[in-house]
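Tertiary structure, described
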Amino acid sequence: MPLALLALAVGAFGIGTTEFAMMGLLPDVAGDLHISIPSAGHLVSAYALGVVVGAPLLAAATARMPRRTVLIALMGLFVAGNALSALAPDENWLLAARFLSGLPHGAFFGVGAVVATGLVAPERKARSVSLMFLGLTVANIAGVPAATLVGQHLGWRATFLGVSAIGLAAIASLYLLIPRTPGHTPGGGLRGELAALRPLPVWLALGTTVAGFAALFSAYSYITPMLTDAAGYAEGSVTLLLALFGVGATVGNLLGGRLADHAMRRTLFGGLASLVAVLAAFPVLMRTEWSAALAVVLLGTAAFVTGSPLQLMVMEKAAAAPSLASSANQAAFNLANAGGAWIGGLALAAGFGATAPAVAGAGLAVLGTGVAGLAYAVDRRRAKRPAGTARVVTTHVPDRSEALSH
């Protein structure tokens, strides 16, 4: 695998650290800015909103630029957002800075996935994407716990300064290791890029991402009360257990990348089926400490097996605009984050017990499997269409959107 993938992984490590570290810093931020914990929770939402807004807009706006330049510029915006977060004098400033920090997130992974797949042979595309995402999963093992400890001992502002330093290291790595290549120039400009997202298979792939990862976040958002109230762990043990989730996510990410290069669709269905099984078993697995720890690892593994195949599937379905499609998939991932947490919260508030969010997540994973099945059926139907299309072509000239959909 090319060394250039390391530069993408460094950037992913910084992004993963700043995204998830805020959860552990909420009490410190709330105390320093004299706001409530729920108000501080809006800082998490502000980052996610930045990802959803920035992913498609920045990817489309930079489509004609050299991708190496785009990646460096996005990391520059990331560094600026985290530096401004460290300097924030009040809640409103920090909200704006967190939104700014989230803007480059989706576009970086989107453009980075296109660059990664362009560096390797076709039979290694999924593995190249998984190696870029390795930075994100390793952030959950090392970056987030380290950032939380730094914030607790040196103040939360020091955490964001440290993340800014990681961003600067990523910029240097990108500059030195990513080859210079021209940008993708779509024939129809921005309109052509957006038209590439119109076909139904693209939206079914994005829908699979939303439903599948909403299943993960329905459970993961409430993993702490599950571990303490159901499994009986002390609160001080939760940080180590969350690192175990990162271990599972790393294993699943690498396994999914390797398997998807051989059978992308089967890897996706296998990952979703595994996620259904793991989440459905949570009420049983959370009865003892050892099985609860196993459940955390299995959750990370099952969920992230699907990461690489979903990313590649979206890129293939919108081949005319892979950067935009790949970035849109990251926006879908963050919609899943917000939607899954909301649905899990409803299940918890309904009084069905501490493990109710996991059961709700199992239902979402079943929905994701159904959407993936529908996408497969649509693909098979379209694969059989050419013979019928040939008979109609003399009486109907397809317009541009129809041409792009094929």
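Here, every reference points to the structure presented above.
Structure report, in brief. (Residues numbered from 1 in each chain as written. Predicted model: local features only at pLDDT ≥ 70, side-chain atom pairs only at ≥ 80, totals over all residues. Heavy atoms only, no water.)

**Quick word on the overall build of the chain**
For the chain, the count of helices and strands is 18 helices and 0 strands. A globule of 406 residues ought to have a C-alpha radius of gyration of about 22 Å, and the chain, at 21 Å, matches this closely. The C-alpha extent of the chain, read off along each of the three principal axes, is 70 × 45 × 35 Å. By residue count, 53% of the 406 residues in the chain fall in the buried class. Within the chain, residue pairs in contact and separated by at least 24 positions form 84% of the contacts whose partners lie at least 6 positions apart. Working note: accessible area of the chain is about 16,600 Å², and carbon and sulfur atoms make up 68% of it. (Helix = DSSP H or I, 4+ residues; strand = E, 2+ residues; numbered from the N terminus. Rg over C-alpha atoms; globule rule 2.2 N^0.38 Å. Buried < 20%, exposed > 50% of the residue type's maximum accessible area, 1.4 Å probe, protein only. Contact = heavy atoms within 4.5 Å. Areas by Shrake-Rupley, 256 points an atom, 1.4 Å probe, with all protein chains shown as cover.)

**Description of the packing of helix 8 (residues 200-220) against helix 15 (residues 322-349)**
In contact at an axis separation of 7 Å, helix 8 and helix 15 are set at 40 degrees when each is read in the N-to-C sense. Relative to helix 15, helix 8 is oriented oblique. Note that helix 8 runs across helix 15; the crossing there is right-handed. Mapping the contact onto sequence places Leu 206, Thr 209, Val 210, Phe 213, Ala 214, Phe 217 and Ser 218 in helix 8 and Ala 328, Asn 329, Ala 332, Phe 333, Ala 336, Asn 337, Gly 340, Ala 341, Ile 343 and Gly 344 in helix 15. The residue makeup of the contact of helix 8 with helix 15, split by class, is 11 nonpolar, 6 polar and no charged. (Axes fitted to C-alpha atoms, helices over the stretch in contact; angles between N-to-C directions. Parallel < 35°, antiparallel > 145°, perpendicular 65-115°, else oblique. Left-handed = near helix turned anticlockwise from the far one by under 90°. Nonpolar A, V, L, I, M, F, W, Y, C, P; charged D, E, K, R; others polar.)

**Some remarks on the side chain of Gln 330**
The residue Gln 330 is located in helix 15 in this model. Judged by relative accessible area, which is 5%, Gln 330 ranks as buried. Residue contacts for Gln 330: discarding those within four places in its chain leaves Val 51, His 105, Gly 106, Phe 109, Gly 110, Phe 133 and Gln 311.

**Section: the pattern of salt bridges**
Summed over the entire model, instances satisfying the criterion amount to 4 salt bridges. The salt bridge partner of Asp 32 is Arg 157, with a shortest N-O separation of 3.3 Å. Here Arg 157 lies in helix 6 (residues 156-177) and Asp 32 lies in helix 1 (residues 4-33), a separation of 125 residues in the sequence. The residue Asp 379 makes a salt bridge to Arg 265 at a minimum N-O spacing of 2.5 Å. One end of the pair, Asp 379, is in helix 16 (residues 356-383); the other, Arg 265, is in helix 11 (residues 264-280), with 114 residues separating them in the sequence. Taken together, the shared-partner salt bridges connect Arg 265, Lys 317 and Asp 379 into one network. (Salt bridge = Lys/Arg side-chain N within 4 Å of Asp/Glu carboxyl O.)

**Some details on a nonpolar patch on the surface**
Taken together, Leu 49, Val 53 and Leu 57 make up a surface patch of nonpolar side chains, about 260 Å² in accessible area. Tracing the sequence through the fold places Leu 57 in helix 2 (residues 37-61). Judged by its relative accessible area of 57%, Leu 57 is exposed. (Patch = residues over 30% accessible without salt bridge, like charges linked within 9 Å, V, L, I, M, F, W, Y side chains within 5 Å.)

**What about unusual backbone geometry?**
Non-glycine residue His 34 carries a positive phi angle of around 60 degrees. In this structure, His 34 sits in the loop between helix 1 and helix 2. For His 34, a relative accessible area of 72% puts it in the exposed group.

**A few points about the environment of Ser 128**
Relative to the helices and strands, Ser 128 resides in helix 5 (residues 125-154). You can call Ser 128 buried: its relative accessible area is 0%. Linking Ser 128 and His 262, residues 134 residues apart in sequence, is a C-alpha distance of 13 Å.

**Brief notes about the environment of Val 129**
One can find Val 129 in helix 5. Residue classification places Val 129 among the buried residues on the basis of a relative accessible area of 0%. With 103 residues separating them along the chain, Val 129 and Leu 26 place their C-alpha atoms 31 Å apart. The contacts of Val 129, once residues within four sequence positions are left out, are Ala 113, Thr 117, Ser 308, Gln 311 and Leu 312.

**Section: the nonpolar core**
Counting residues in each nonpolar core, the largest one holds 91 residues, and the members touching the most others are Leu 8, Leu 216, Phe 282, Met 286 and Leu 299. At 10 residues, the largest contribution of residues to this core is made by helix 8. Those residues in contact with Met 286 that sit more than four places away from it in its chain are Ile 223, Met 226, Leu 227, Ala 230, Ala 231, Ala 292, Ala 295 and Thr 355. Among the nonpolar cores identified, the runner-up in size contains 14 residues, and Met 22, Leu 25, Leu 33 and Leu 94 belong to it. (Core = buried A, V, L, I, M, F, W, Y, C linked by side-chain atoms within 4.5 Å.)

**Structural notes on the packing of aromatic side chains**
As enumerated under the stated definition, the model contains 9 aromatic pairs in all. Here Phe 108 and Phe 109 contribute two aromatic rings whose centre-to-centre distance is 6.1 Å and whose plane-to-plane angle is 85 degrees, an arrangement assigned as edge-to-face. Given a relative accessible area of 0%, Phe 109 falls into the buried group. A ring pair is formed by Phe 213 and Phe 304, whose centres lie 6.0 Å apart and whose planes are at 75 degrees; its orientation type is edge-to-face. One end of the pair, Phe 213, is in helix 8; the other, Phe 304, is in helix 13 (residues 289-305), and 91 residues separate them in sequence. For the pair shown, Phe 213 and Phe 304 are each scored as buried. Each residue in the set Phe 213, Phe 217, Tyr 220, Phe 245, Phe 304 and Phe 333 is aromatic and connected to the rest through ring pairs, giving one cluster. (Phe/Tyr/Trp six-rings, centres within 6.5 Å; stacked < 30°, edge-to-face > 60°.)

Don't take any of this as a statement about function, it's just geometry.
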